[in-house]
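Chain residues, written in single-letter form:
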Amino acid sequence: MRDPYSIIIQPHITERSVQLSYGDHRVTDEKKLVRKYTFRVSTSANKIEIKQAIETIYNAGKKKKSGDGIEVATVRTINMNGKVKSRNMRPVGKKADWKKAIVTLKPGQMLEDFGV
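First things first, this report covers the structure right here in the doc. Residue positions within a chain follow its written sequence, with the count starting from 1. Only residues with pLDDT of 70 or above have their local features reported here, since the model is predicted, and side-chain atom pairs are shown and tallied only from 80 upward, although totals for entire chains, interfaces and linings are computed over all residues. Each side-chain value is worked out from all heavy atoms of the structure, with water and hydrogens disregarded.

1. Things to note about the nonpolar core
Here the nonpolar core consists of buried residues drawn from Ala, Val, Leu, Ile, Met, Phe, Trp, Tyr and Cys, with membership extended through side-chain atoms lying within 4.5 Å. Any residue under 20% of the maximum accessible area for its type is buried, any over 50% is exposed, and the rest in between are partly exposed; the area is computed with a 1.4 Å probe on protein chains only. Counting residues in each nonpolar core, the largest one holds 19 residues, and the members touching the most others are Ile8, Phe39, Ile50, Ile54, Val103 and Leu111. In DSSP terms, a helix is any run of H or I states spanning at least four residues, a strand is any run of E spanning at least two, and both are numbered starting from the N terminus. Sorting the residues of this core by element identifies strand 2 (36-41), helix 3 (47-58), strand 3 (72-80) and strand 6 (98-105) as the ones contributing at least two each. Counting residues per element, this core draws most heavily on helix 3, at five residues. In contact with Ile50, other than residues within four places in its own chain, are Ile7, Ile8, Val41, Ala45, Val75, Thr77, Ala101 and Val103. Here a residue-residue contact requires only that any non-hydrogen atoms of the pair lie within 4.5 Å.

Given below as structure tokens:
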């Protein structure tokens, strides 16, 4: 198994990802609230590795009890193409391609130190 910190590169913070991390505003019960978090991940990582890495990173140092700790429900991945950079109407280069993962937690769970 690879190092979890080489799989998860960093949280991907945008206005939309912050809104997803708050959950659905129509749900009033905190225990039923489903939250989604967005991360930049390694381009070679698959969904199973991403799930295990998130659970390992955020459950580190916690005692394993039933219902204690973070459990990932689903992982969705998106391959993002790097943008072409230009100067004076001429293409100069291209930014690197990268991979984004949207991680959905089980209802009632949240990440405290996501970066928001």
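2. Some words on the pairing of strand 4 (residues 84-87)
Pairing between two strands requires that DSSP report at least two bridges joining them. As judged from the four bridges shared by strand 4 and strand 5 (residues 90-94), these two strands associate in the antiparallel manner. Directly across from Arg87, in strand 5, lies its bridge partner Arg90. The antiparallel pairing of strand 4 with strand 5 creates a hairpin that spans two residues between the two strands, and Asn88 there sits at a positive phi of about 55 degrees.

3. As for a positive patch on the surface
Residues Arg16, Lys36, Lys47 and Arg76 make up a contiguous surface patch of positive charge. With respect to the element layout, Arg16 can be found in helix 2 (residues 15-22). Residues form patches when they are more than 30% accessible in relative terms and have no salt bridge. Like charges link within 9 Å. Nonpolar side chains (Val, Leu, Ile, Met, Phe, Trp, Tyr) link within 5 Å. Areas reported as accessible are Shrake-Rupley estimates using a 1.4 Å probe. Residue values count occlusion only from the protein chains shown. The term salt bridge refers to a pairing of a side-chain nitrogen on Lys or Arg with a carboxyl oxygen on Asp or Glu at a separation within 4 Å. By the counting scheme adopted, Arg and Lys are positive, Glu and Asp are negative, and His together with the chain ends is not counted. For charged residues, the charge sits on one atom: NZ in Lys, CZ in Arg, CG in Asp, CD in Glu.

4. Let's talk about the pattern of salt bridges
Enumeration over the complete set of coordinates arrives at four salt bridges. When the shortest N-O distance is used, the salt bridge between Arg35 and Glu30 registers 2.6 Å. Of the residues examined, Arg35 reaches a relative accessible area of 8% and is grouped as buried. Between Lys106 and Glu71 there is a salt bridge, with the nearest N and O atoms lying 3.9 Å from each other. One end of the pair, Lys106, is in the segment after strand 6; the other, Glu71, is in the loop between helix 3 and strand 3, with 35 residues separating them in the sequence.

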